[in-house]
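Breakdown of the fold
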Amino acid sequence: MPRLIRDGLRNRHLFALDLALLPLATLLANVVRFEGLLWPATYAAIVPIYLAFALPVKVTLLLYFGLYRRLWRFASVSELVSILSATTASGAICLFLGVWLLPATGLTPVRLSL
């Protein structure tokens, strides 16, 4: 097991929760966007491809910024800065991924509008 995960993953339950809730957030965003569970076939095919790339990126950035090494009972402004930095970096990379990279490589037929 990599040292970063073995030694620095104090909040394993939060890590597992993020693995479940991050894809759910993407699915819920599409439910809101298309006003229900009936999506165009193109988007129904794009979302799993996007999630296959975006989920590892998001979790890796959260690990990199040390969000699973903290004891959240004692949070301060520095933790808030870490959270904002991790989510900003994650959002920017996933925007680039869904809008440009996946369509440019031909993995998705159209861009994912986020």
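As shown above, the structure is provided for reference.
Before going further, it helps to examine the packing of aromatic side chains. Using the criterion set out here, one finds 5 aromatic pairs in the structure. For the pair Phe34 and Trp39, a centre-to-centre distance of 6.3 Å together with 40° between the ring planes defines the contact as tilted. Between Phe96 and Trp100, the aromatic rings sit 5.2 Å apart at their centres with planes inclined by 25°, giving stacked as the arrangement. Of the two residues, Phe96 and Trp100 both sit in helix α4 (residues 77–105), 4 residues apart, roughly one turn of that helix. Phe96 gets classed as partly exposed once you look at its relative accessible area, which sits at 44%. Three or more aromatic residues joined by ring pairs form one cluster here, namely Phe34, Trp39 and Tyr43. Positioned above the aromatic ring of Tyr43 is the side chain of Arg33, whose terminal nitrogen or guanidinium carbon lies 4.8 Å from the ring centre.

Procedures and definitions
- Along every chain, residues carry numbers that run from 1 in the direction the sequence is written.
- Per-residue local features of the predicted model are confined to residues with pLDDT of at least 70, and side-chain atom pairs are confined, for both listing and counting, to 80 or more; whole-chain, interface and lining totals are unaffected and use all residues.
- Neither water nor hydrogens contribute to the side-chain values; these are computed over all heavy atoms in the structure.
- Aromatic rings from Phe, Tyr and Trp, with only the six-membered ring used for Trp, were paired whenever their centres fell within 6.5 Å, and each pair was classed as stacked if the ring planes differed by under 30 degrees, edge-to-face if by over 60, and tilted otherwise.
- Per the convention used, a helix needs a DSSP run of H or I reaching at least four residues, while a strand needs a run of E reaching at least two, with both numbered from the N terminus.
- For the exposure calls, accessible area comes from a 1.4 Å probe over protein chains only, and a residue counts as buried if that area is under 20% of its type's maximum, exposed if over 50%, partly exposed in between.
- Charge-over-ring placement is defined geometrically: NZ (Lys) or CZ (Arg) within 6 Å of the ring centre, and within 35 degrees of the ring normal.

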